[in-house]
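# Overview (structure and organization)
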Amino acid sequence: MALESLRYRRGSLEVLNQRLLPGQLRYERVGGVERAWGAIRDMEVRGAPAIALLGCLSLAVELAGGAGPQEDLGALEAFVGQRLGFLLSARPTAANLGREAQRLRGWLRKKVEETPGVTPQELRESIIEYIEGLLAKDRRDNRSIGAHGAEHILGGVPGGGPVTLLTHCNTGTLATAGYGTALGVVRALHSGGSLSRVFCTETRPFHQGSRLSALELRHDGIPVTIIADSAAAAAMREHGVHAVVVGADRVAANGDVANKIGTFQLALAARHLRIPFYVAAPSSSCDPTLASGRLIPIEERPGTELTQLGGVLLAEPEVDVWNPAFDVTPHELITGGIITEWGVFPPSQLCRELAERGEQ
Ligand code: MRU
């Protein structure tokens, strides 16, 4: 059975509850935006692209079920804006949902302006179709990211591979609609016969690497070894890692990248060991409105994620905890480049590319 983060049909949406993995494979119904908000906040679904898709699809499900104003175009437009705004409050760091919300609002405004006589029911249908299109786009972008990343990495390796990679967190099927971003690069290398092995960090405190990445890679027969986060620098040196590839939650205008906590220290270690460090992300992870990574809002999560595991105490319950979910890697440490659906870019050039494509 394929591992899918989301199962969508017109009017119906289910999510794989990732908190239960790898022990239990349970799909749960998402009837609308409130339930999606809770699933995002509680990390039943996580990963920047999957968060964006879940949010938007939950709105499509509400609209298909007849929620919102029926008679008035302006009121329907306002309803969509309000629901998207609410979804955005679930988790602050990832850019993708905000970016998709902004695009959807812009598209909706134009549609209303340029389609005189459109009825609220027709508009509602169009919004649903627009949102459904995001699923296919994410799958296409994943494939392109995989292909560009694999080619670029192999181009930098004498003899052209096979290569050993190291990755962090989960950026695969479970974090997207399909192939994955950084794990899409892993998959592309594997399917081309050019991957020796991938090392996955455990990714404390939520274990997205050991619980999720290892699960989906083994599911696809891809050679994977999990390591404790604290073993990453040693693994890079001792196991001949050719490249580190991670995902992104938000890319600032100067190319600084917010990603899962621990990414920054991986980039530092890779730099010391002269191993290329790549970020793989769709262009919807870019936020050209923020000049640098210092401005990216970093989510802090409950201390219990560090002090407890499955109800077992790992630390004294009253101890002070600092639990940021993400950190910022400065652009100069992203030595391999940022792999997008358009190709691989030096971090500082990605924003220019965005502007040239009219995506600002
Ligand atoms: O807290 P999470 O699990 O949502 O963090 C996920 C990451 O940091 C991923 O690397 C990022 O969202 C990209 S997923 C394709």
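Look above for the structure.
One structure accompanies this document, and this report is about it. Predicted, not measured: the structure shown is a model, and the values here were computed from it. (Residues numbered from 1 in each chain as written. Predicted model: local features only at pLDDT ≥ 70, side-chain atom pairs only at ≥ 80, totals over all residues. Heavy atoms only, no water.)

Turning our eyes to something else, we now look at the sheet that holds strand 7 (residues 243-246). Spatially, seven strands are ordered 6-5-4-7-10-15-16 in an open sheet, and the strand pairing comes out mixed. Here the strands that pair on one side only, and so sit at the sheet edges, are strand 6 (224-227) and strand 16 (343-345). For this sheet, the mean angle separating the axes of adjacent strands, direction not counted, is 25°. Where strand 10 (residues 277-280) meets strand 15 (residues 337-340), three bridges bridge the pair, whose relative direction is parallel. Across the sheet, Y278 pairs through a bridge with G337, a residue of strand 15. Contacting strand 4 (163-167), strand 7, strand 10, strand 15 and strand 16, helix 5 (residues 120-155) runs over the sheet at an angle of about 145° to strand 15. (Pairing = 2+ DSSP bridges. Helix = DSSP H or I, 4+ residues; strand = E, 2+ residues; numbered from the N terminus. Axes fitted to C-alpha atoms, helices over the stretch in contact; angles between N-to-C directions. Contact = heavy atoms within 4.5 Å.)

Together, L309, V312 and L314 make up an exposed nonpolar region whose accessible area comes to about 260 Å². Turning to its location among the elements, L314 is positioned in the loop between strand 13 (312-313) and strand 14 (326-329). (Patch = residues over 30% accessible without salt bridge, like charges linked within 9 Å, V, L, I, M, F, W, Y side chains within 5 Å. Areas by Shrake-Rupley, 256 points an atom, 1.4 Å probe, with all protein chains shown as cover. Salt bridge = Lys/Arg side-chain N within 4 Å of Asp/Glu carboxyl O.)

In this section: the sheet that holds strand 8 (residues 250-252). Taken together, four strands build an open sheet; the order of strands is 11-8-9-14 and the sheet is mixed. Among the strands making up the open sheet, the edge pair consists of strand 11 (286-287) and strand 14. Here helix 9 (residues 263-272) sits on the sheet and contacts strand 9 (257-260) and strand 14; the angle it forms with strand 14, its principal contact strand, is near 35°.

It is worth spelling out the site of the ligand at this point. Neighbouring residues of the ligand: 18 residues in total, closest R91, Q208, D249, N259 and K260. At a separation of 2.7 Å, an oxygen atom of the ligand approaches a polar side-chain atom of D249. One of the side-chain N or O atoms of K260 is found 2.8 Å from an oxygen atom in the ligand. Elements with a minimum of two residues in the shell around the ligand: helix 2 (48-64) and strand 9. A breakdown of the residues in the shell around the ligand according to their chemical character gives seven nonpolar, seven polar and four charged. For the shell around the ligand, the domains that each give at least three residues are domain 1 (6-138) and domain 2 (147-356). (Near = heavy atom within 4 Å. Polar contact = N/O pair within 3.5 Å; in protein donor to acceptor, adjacent residues only side chain to side chain. Nonpolar A, V, L, I, M, F, W, Y, C, P; charged D, E, K, R; others polar. Domains from an automatic or database assignment.)

Turning next to helix 6 (residues 182-191). Within helix 6, eight of the 10 residues are buried, which leaves it mostly tucked inside the rest of the structure. For helix 6, the set of buried residues is A182, L183, G184, V185, V186, R187, A188 and L189. Looking one or two residues past helix 6, G193 carries a phi angle of roughly 75°, positive in sign. (Buried < 20%, exposed > 50% of the residue type's maximum accessible area, 1.4 Å probe, protein only.)

Note that all results are geometric; they support no functional claim without further evidence.
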